[in-house]
Each structure stands twice: as C-alpha cells, then as structure tokens.
Amino acid sequence: MRTSLQRLAGYRYLLGFGFLLAFLSGSGQTYFISLFGGELREAFELSNAEFGGLYSAATLGSGLLVIWLGRGVDQLPLPVFTTGVMAGAALGAVALAVAPGALWLVPAFLLLRLCGQGLMMHVAQTTVGRRVTTARGTAIGAVTLGMPAGEAVLPALAVALMAALGWRGSWWVIAALLVVVALPACLLLLRLHVRLPAPAATAEADGGRSSASAGAPVPDWTREAVLRDARFYRILPALLAPPFLITALFFHQVPIANAKGWSLAWVSTAFVVFALAHVVSLALSGTLVDRLGAPRLLRLYLLPMLTALLVLGFMPGDAAAMLYLGLAGTSVGTAGTLMGALWPELYGVRHLGAIRAMAHGAMVLSTAAAPVLVGVLLDAGVGVRGLSVALAAYVLAGILLIPSIRALTAREPDGQRSG
C-alpha cells in the first residue's frame, strides 16, 4: 500500500478534491438529514409515515435525475459542474431553512439528495476513476474514505448547530459553509492539481488503463452501448446488494434488534465495529483492486455480506450483533471502491460519467425501495430468520449471476460507431 500511495503523490490535490466532495456528500445522506427528523415532524405536524413518504418521494426523484444529470461531468468543465452541484446542495439547504409547509420539504430534500448524496459522490469517484490510472483502486479507496469521515464528524456538527441555532438556523449555516468555505476549497484543489502537469499527462497517455490491466488500453463505450451489454445487467445486482441490504436492515434495525434480544445501546456499540470494518476494507480493497483487478474482486466481495446475513438469522446472543455488523461493513467498504474502479476497467473513461450515473441512479432507486420491501415482509409476519434467508438468497443469486473473469475482460463494444 505504501508503494501505491507514493505513486499517487502527484495526484494529491485531486485526491483531496475527491475526498472533500465525498465528505460533503454527507449533507444529503440519510444519517445526516434524519437527525433533523424529530424537529421537522414536530414543526409540520407529520406522522412517521408521512415524513417517510415525503423523503422517499424525494429520494426516488433524485435517483431518476442523477441518471440524466450525471453525464454532465463528461460534458462540462469540472470546475463548472462542481460549482453547479455545490450550489444545488446549498439551495436545498436554504429551501429547508425557509420551508413554509410540509410539501416544501420535497424539493428541499430532492436538492439535498440529488446534489449531496448523489452528484457529489458521483463527481468524486468519476473524476478520480478517469484521471488517476496509476493505482486507481487505491486512489478511489482513499477518496471514498471521505464518507466514513463525514459520518464521524457531521452528526456532531448538526447536533451542536441545532442546540445553538435551532433547525432552521442550522440549515442556513450549512448553506453558507457549502458556498463560502467548501466550494472555494474544492476549486482551489482543482487549480493546484492543474499546476502538476506530469500526472495529468500520464493519465491521458495511459488511455484508461488500470494497474491490473497495464498494457491493455480499454475501448471507450458509450452509455447506449453499455445498455446493450448483457454483462452490465448481470453485474448490477451484485453491486446493488450492499447499499440495498444495509439501507433495509438499518431502517428496520429496531424491530430486528428486538427480535434478536439486543438492546439499542448494544446495537449502537456494535456500530463501532461496522464503522471500523468499513474504513479498513475501504483502505485495503483499493490495493486488492490494483493487484487483482476489479472483476476478480467482484466475485469475492459479497461473501462477508452473505455470511453476515446467516449470522443475523441463525446465531444467538449479543456477540452476533458485532459479527454481523463487522462482516457487513467489510462488504460495504469494498463496494465503495468497486463502484468507482469497475466501470473504467470494463468500459473506458471517455463516457465514464454517463455510465456511472446509470449505476448510481439504480443504487439510489434501490435504496428508496429497500425499506418498503423489507417492511412488507416484516408486516406479513416474516421473522428475522426468514428475512435473513430471503436476503441471503438474493446475495447468492447476485454472486452466481456475475459473468466469468474471461467475460469481464475489456473488449470492443458491439455495433458502436467510432468517435
């Protein structure tokens, strides 16, 4: 890993740009917005179901829009697109701060989810995946560490702001921080990167190669060609599994904990193991991608998640919570690297933004549907063991659907026009 980091020294400002965007994506993540849920429900006299319905509607909308808007990172200068994304997130924060009624929450949540949770992470991983070809996996893993860093810092910031300024004042401050502090910092890091010509030149000359496929330039696929590629649809269930499962299980963690006999205090303690496993797997998976290639790791990374579901369903006692969350965190962290590294290895970098936008949009849509689907199963009387078996069957099916390593080598797209 030390060697990989040394090779990335010339990309330090670009990696800082990506890390900062990944960190700031927390402004649109569920863990951050949900901290204001009690205040919002009280202010607008909303039930849990009504509040959840408004949030799900905004999440679905953001998932659809990111598919369309995500290609902008291919078409616009990066500083311009980044400015638009940051401004959109700040506008969402302002909309929430001035919301006069409950329905106003939908456009506010939509902007926060789209520009924060959606496009900030999309820009971070697409930019690094396209421009960094030396130790790409390590680079994407380093950038994605911004997400758990945000999880560690931003909730405390939200609590402190609410205590001092109330929920409306908090969102005014968040909007100001995005525009006055975060956006200039991002643009400065991009300018500093441009002053380091050697890495950028190397990246262009390298033609999109990864460390695992050195000497084999990857043809550039268009989004339309990817949509005609059966491999894309066979890969997608495996990549969507961790965000889908974690969203569903965490959203319904209270009834699951009650059924397992775990106190909420114990579950919160066990989440420390999840966070540690998440960070460690992010750091290590980048090196594994560089050595093995993303396609090989794709066939292995869901095994901890599969084991975690079996532990959840069949292992009794408090220790099961630690083991279940630790194994789940391992797959979740690795997924963060794979989502950034796999597409350039298969489809090149020229249209990477458009291709990643499809996959990211599908991920957002799956996380919007996950709580509903699992909630239906729980309401139907399916216990934790039955639920874990059903979810494990999905993971196993996702593993079996993955094409062979030979099929996942880079090749020319079928029927795509050149240029």
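Keep in mind that what you see is a predicted model, and the values were worked out from it rather than measured.

Caption draft 1: Here's a closer look at the packing of aromatic side chains. One pass over the full model with this rule turns up 11 aromatic pairs. Taking 5.8 Å as the distance between ring centres and 70 degrees as the angle between the ring planes, the aromatic pair formed by F244 and Y394 counts as edge-to-face. Taken together, the residues F244 in helix 13 (residues 230-251) and Y394 in helix 20 (residues 384-401) connect sequence positions 150 residues apart. A relative accessible area of 26% places Y394 in the partly exposed class. An aromatic cluster is built from W221, F232, Y233, W343 and Y347, whose rings are joined through pairwise contacts.

Caption draft 2: Expanded view of the side chain of S366. Tracing the sequence through the fold places S366 in helix 19 (residues 352-379). Given the relative accessible area of 11%, S366 is considered buried. A polar side-chain atom of S366 sits 2.7 Å from the main-chain carbonyl oxygen of M363. Not counting the four nearest positions on each side in its chain, S366 is found in contact with L240 and F244.

Caption draft 3: Spotlight on the side chain of K260. Looking at the secondary structure, you find K260 in helix 14 (residues 253-260). For K260, which is buried and forms no salt bridge, the nearest opposite charge comes from D318, at a distance of 9.3 Å. Within the local environment of K260, its side chain forms a polar contact with the backbone oxygen of M315, the two atoms lying 2.9 Å apart. If we ignore the near neighbours within four places in the chain, the residues touching K260 are V311, L312, G313, M315 and V384.

Caption draft 4: Expanded view of the packing of helix 2 (residues 12-24) against helix 8 (residues 105-131). One can describe the packing of helix 2 onto helix 8 by two numbers: an axis separation of 7 Å at closest approach and a directional angle of 160 degrees. The angle between helix 2 and helix 8 places the two elements in the roughly antiparallel class. Once helix 2 is placed against helix 8, the crossing between them reads as left-handed. When helix 2 is examined against helix 8, the residues L14, L15, F17, G18, L21, A22 and L24 are found in contact with a partner set consisting of M120, M121, V123, A124, T127, V128 and R131.

Conventions adopted
- Residues numbered from 1 in each chain as written.
- Predicted model: local features only at pLDDT ≥ 70, side-chain atom pairs only at ≥ 80, totals over all residues.
- Heavy atoms only, no water.
- Phe/Tyr/Trp six-rings, centres within 6.5 Å; stacked < 30°, edge-to-face > 60°.
- Helix = DSSP H or I, 4+ residues; strand = E, 2+ residues; numbered from the N terminus.
- Buried < 20%, exposed > 50% of the residue type's maximum accessible area, 1.4 Å probe, protein only.
- Polar contact = N/O pair within 3.5 Å; in protein donor to acceptor, adjacent residues only side chain to side chain.
- Contact = heavy atoms within 4.5 Å.
- Lys, Arg positive; Asp, Glu negative; His and termini not counted.
- Salt bridge = Lys/Arg side-chain N within 4 Å of Asp/Glu carboxyl O.
- Axes fitted to C-alpha atoms, helices over the stretch in contact; angles between N-to-C directions.
- Parallel < 35°, antiparallel > 145°, perpendicular 65-115°, else oblique.
- Left-handed = near helix turned anticlockwise from the far one by under 90°.

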